[in-house]
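# Coordinates in review
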Amino acid sequence: MAYATARPPRSTSTTSWPTTSTASASKSTKQYDRLKHRKIGEYRDVPLPQRTKNAIKSYAEKHGTTDGYLLRHPRDSGRPFQPYLFQNQWQRLRTRGELDIPEGMVIYSLRHFFASNCLTHNIPITDVAEWMGHNNIDITFKTYRHLMPGSIGTAAKLLDAGLAA
């Protein structure tokens with residue numbers, strides 16, 4: 001699993017893409033890049049499949065970035081792509097029937113898919129909470145608890161096995 005960013009640090013050339021981050025000393029031995037958070041100057045590490053990271057890197061190398069942002073505004077290439085434009089395009093494609101988008105599915109659903117997929121594959125909830133940008137793990141737990149129905153039973157079995165050893 002690779003880690004990638006939506007925005008390289010400002011000190012990086014706008015045509016290059018960082019391969020590692022010095023976000024924290026504890027993570028300096030891993031391959032991390034930084035993901036731009038909604039708030040200016042805030043970044044967080046998130047995992048991405050290597051194929052996705054390679055596609056992002058290739059796009060950035062070919063097209064560059066605008067003030068560090070990968071995507072550009074469709075009418076003004078000097079401005080970064082605004083999040084509402086994703087939803088607008090999503091709705092247009094759905095209305096035209098160009099994509100088989102289930103009724104009620106919105107862009108935000110992809111965020112829930114990511115978190116659900118992580119938890120279903122036994123990625124620790126503490127990591128998922130950090131990647132989701134939740135200030136408190138309780139938010140993640142309350143939202144995704146239904147994906148871990150056997151966690152208490154599983155914990156009890158592990159404790160029993162540990163005590164029997």
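This report concerns the structure included in the present document. (Residues numbered from 1 in each chain as written. Predicted model: local features only at pLDDT ≥ 70, side-chain atom pairs only at ≥ 80, totals over all residues. Heavy atoms only, no water.)

## Observations concerning the overall build of the protein chain
Looking only at helices and strands, the protein chain features 6 helices and 4 strands. In the protein chain, the succession of α and β elements from N to C terminus is β-β-β-β-α-α-α-α-α-α. Looking at the 165 residues of the protein chain, the share that counts as buried comes to 27%. Here the contacts in the protein chain between residues at least 6 apart in sequence split such that 43% fall between residues at least 24 apart. Only carbon and sulfur atoms are counted for the fraction: they give 56% of the accessible area of the protein chain, which is about 11,300 Å². (Helix = DSSP H or I, 4+ residues; strand = E, 2+ residues; numbered from the N terminus. Buried < 20%, exposed > 50% of the residue type's maximum accessible area, 1.4 Å probe, protein only. Contact = heavy atoms within 4.5 Å. Areas by Shrake-Rupley, 256 points an atom, 1.4 Å probe, with all protein chains shown as cover.)

## Focus on unusual backbone geometry
A positive phi angle, near 65°, is found at Asn122, a position not held by glycine. Secondary-structure assignment places Asn122 in the loop between helix H3 (108-120) and helix H4 (125-132). You can call Asn122 exposed: its relative accessible area is 68%.

## A look at a nonpolar patch on the surface
Nonpolar side chains collect at one region of the surface, where Tyr59, Leu71 and Phe86 lie side by side and expose about 240 Å² of accessible area between them. Positionally, Tyr59 belongs in helix H1 (residues 50-63). (Patch = residues over 30% accessible without salt bridge, like charges linked within 9 Å, V, L, I, M, F, W, Y side chains within 5 Å. Salt bridge = Lys/Arg side-chain N within 4 Å of Asp/Glu carboxyl O.)

## What to know about the environment of Gln91
Its location among the elements puts Gln91 in helix H2 (residues 83-96). In this structure Gln91 comes out as partly exposed when scored by relative accessible area, which is 36%. Spatially, the C-alpha atoms of Gln91 and Val106 are 8.4 Å apart, while their sequence positions differ by 15 residues.

## Some points on the packing of aromatic side chains
Tallying each qualifying case throughout the model produces 2 aromatic pairs. A centroid spacing of 6.3 Å and a plane angle of 55° characterise the contact between Phe114 and Trp131, whose relative ring orientation is tilted. Of the two residues, Phe114 is situated in helix H3 and Trp131 in helix H4; the sequence distance between them amounts to 17 residues. Judged by relative accessible area, which is 10%, Trp131 ranks as buried. (Phe/Tyr/Trp six-rings, centres within 6.5 Å; stacked < 30°, edge-to-face > 60°.)

## Brief notes about the nonpolar core
Listed in full, the 10 residues of the largest apolar core are Val46, Ala115, Cys118, Leu119, Ile125, Val128, Trp131, Met132, Tyr144 and Met148. Of all the elements in the fold, those that place two or more residues in this core are H3 and H4. Take this core: its biggest share by element is 4 residues, from H4. (Core = buried A, V, L, I, M, F, W, Y, C linked by side-chain atoms within 4.5 Å.)

## Topic: the environment of Tyr144
Looking at where Tyr144 falls in the secondary structure, it is placed in helix H5 (residues 137-144). Among the residues examined, Tyr144 registers a relative accessible area of 3% and is labelled buried. Residue contacts for Tyr144: discarding those within four places in its chain leaves Arg111, His112, Ala115, Ser116, Leu119, Met132 and His134. Only 2.5 Å separates the side chain of Tyr144 from the side chain of His112, close enough to count as a polar contact. (Polar contact = N/O pair within 3.5 Å; in protein donor to acceptor, adjacent residues only side chain to side chain.)

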